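Structure at a glance
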Amino acid sequence: MKHNELLESLSKEELIELIGIYSKNWLALDGVWFQSIEEKLGMDEAMYHDERAWERFTVSEAKRIKEFLKLPEQAGIEGLSKALQLRFYANINKDSIEIDGNTLYYTAIDCRVQTARLRKGMPFHPCKSVGVLEYSGFAKTIDSRFTCECVSCYPDITDDTCCCKWKFVLND
């Protein structure tokens, strides 16, 4: 694979900054296609396509991260924790990971999607249905023994200290 000479000349700090820029660009693209459908065909149609896109994308993202990290087929709690930290979202949202035995809690403390919609005077994105597909698919790609449960996510907010919270259980 041919490497970009300019990328190779960048410092570690510049590369980390560039990853943040790429992450923001990716999220902007995700948002503008969604808003285009939402504007023309309504929220239900936009959500349908968002769910289909994330159902497929999350598996691709997880496979690439799993390969990059050289994780085993059943990567367990530690593997999922590492993989979640390398998702595009991890570069642009404030989040936290807590591990308690065979359970991992992933919390998005601040979400750029909801913040942007609020800033634009738009209603919140009803992301729970997408999140269930996204986080379940991601976790199962890292280790098929995981189950995922939504603890809190719009429109079903049960924890107002965060934007969303997900529970991953590693089953035997």
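Conventions we followed
- The numbering scheme is per chain: residues are counted from 1 as the chain's sequence reads.
- In keeping with the predicted nature of the model, local features appear solely for residues at pLDDT of at least 70, side-chain atom pairs appear and are counted solely at 80 or more, and the whole-chain, interface and lining totals rest on all residues.
- As a rule here, side-chain values come from all non-hydrogen atoms in the structure, and water together with hydrogens is ignored.
- A strand pair is defined by DSSP finding two or more bridges across the two strands.
- Numbering goes from the N terminus for both helices and strands, where a helix is a DSSP run of H or I of at least four residues and a strand is a run of E of at least two.
- Salt bridges are defined by distance alone: a side-chain nitrogen of Lys or Arg within 4 Å of a carboxyl oxygen of Asp or Glu.
- Summary of the burial criterion: residues with accessible area below 20% of their type's maximum are buried, those above 50% are exposed, and those between are partly exposed, where the area comes from a 1.4 Å probe applied to protein chains only.
- Each pair of aromatic rings taken from Phe, Tyr and Trp, with Trp reduced to its six-membered ring, is defined by centres within 6.5 Å and is described as stacked if the planes are under 30 degrees apart, edge-to-face if over 60, and tilted in the remaining cases.
- For the purposes of these results, a polar contact is taken to be a pair of N or O atoms within 3.5 Å, where, inside protein, one atom must be able to donate a hydrogen and its partner to accept one; residues adjacent in sequence count only when each atom of the pair is a side-chain atom.
- Whether two residues are in contact is decided by their heavy atoms, any of which lying within 4.5 Å being enough.
- Simply put, an axis is a line fit to the C-alpha atoms, just over the touching stretch for a helix, and the angle between two N-to-C directions goes from 0 to 180 degrees.
- Here the angle decides the label: under 35 degrees means roughly parallel, over 145 means roughly antiparallel, 65 to 115 means roughly perpendicular, and every other value means oblique.
- Left-handed describes a crossing whose near helix is turned anticlockwise from the far helix by less than a right angle; the clockwise case is right-handed.

Notes on the pairing of strand β1 (residues 94-100)
Inspection of the sheet shows β1 paired to strand β2 (residues 103-110) by seven bridges, in the antiparallel sense. Residue pairing across strands places Lys94 opposite Asp110, the latter belonging to β2. Counted along the chain from β1 to the antiparallel partner β2, the turn is two residues long, and its residue Gly101 has a positive phi close to 65 degrees.

Considering the pattern of salt bridges
Applying the stated criterion across every chain, the model contains eight salt bridges. Here Lys66 and Glu73 are joined by a salt bridge, their closest N and O atoms 3.8 Å apart. Of the residues examined, Lys66 reaches a relative accessible area of 9% and is grouped as buried. Residue Glu73 is classed as exposed on the basis of its relative accessible area of 64%. For Arg87, the salt bridge is made with Glu134, and the minimal N-O distance between the two is 2.9 Å. One end of the pair, Arg87, is in the loop between α4 (76-85) and β1; the other, Glu134, is in helix α6 (residues 128-142), and 47 residues separate them in sequence.

Let's talk about the packing of aromatic side chains
Tallied over the entire structure, the rule returns 11 aromatic pairs. With a centroid separation of 4.9 Å and 15 degrees between ring planes, the pair formed by Trp26 and Phe88 is classed as stacked. With Trp26 in helix α2 (residues 12-41) and Phe88 in the loop between α4 and β1, this residue pair connects regions lying 62 residues apart in the sequence. Geometrically, the ring pair formed by Trp54 and Tyr89 is stacked, given 5.8 Å between the ring centres and 10 degrees between the ring planes. Here Tyr89 lies in the loop between α4 and β1 and Trp54 lies in helix α3 (residues 43-69), a separation of 35 residues in the sequence. The exposure class assigned to Tyr89 is buried, which follows from its relative accessible area of 12%. Three or more aromatic residues joined by ring pairs form one cluster here, namely Trp26, Trp54, Phe57, Phe88 and Tyr89.

Here's the deal with the side chain of Ser152
Tracing the backbone through its elements, the reader meets Ser152 in strand β3 (residues 146-153). Residue Ser152 is classed as buried on the basis of its relative accessible area of 0%. Here the side chain of Ser152 touches Asp159 through a polar contact of 3.1 Å, landing on its backbone nitrogen. In contact with Ser152, not counting residues within four places along its chain, are Ile157, Thr158, Asp159, Cys163, Cys164 and Lys165.

Thoughts on the packing of α4 against α6
In the contact formed by α4 and α6, the axes pass within 9 Å of each other and the chain directions differ by 125 degrees. One element, α4, and the other, α6, form an angle in the oblique class. Crossing hand, α4 versus α6: right-handed. Between α4 and α6, the contacting residues are Gly79, Leu80, Ala83 and Leu84 on the first element and Phe138, Ala139 and Ile142 on the second.

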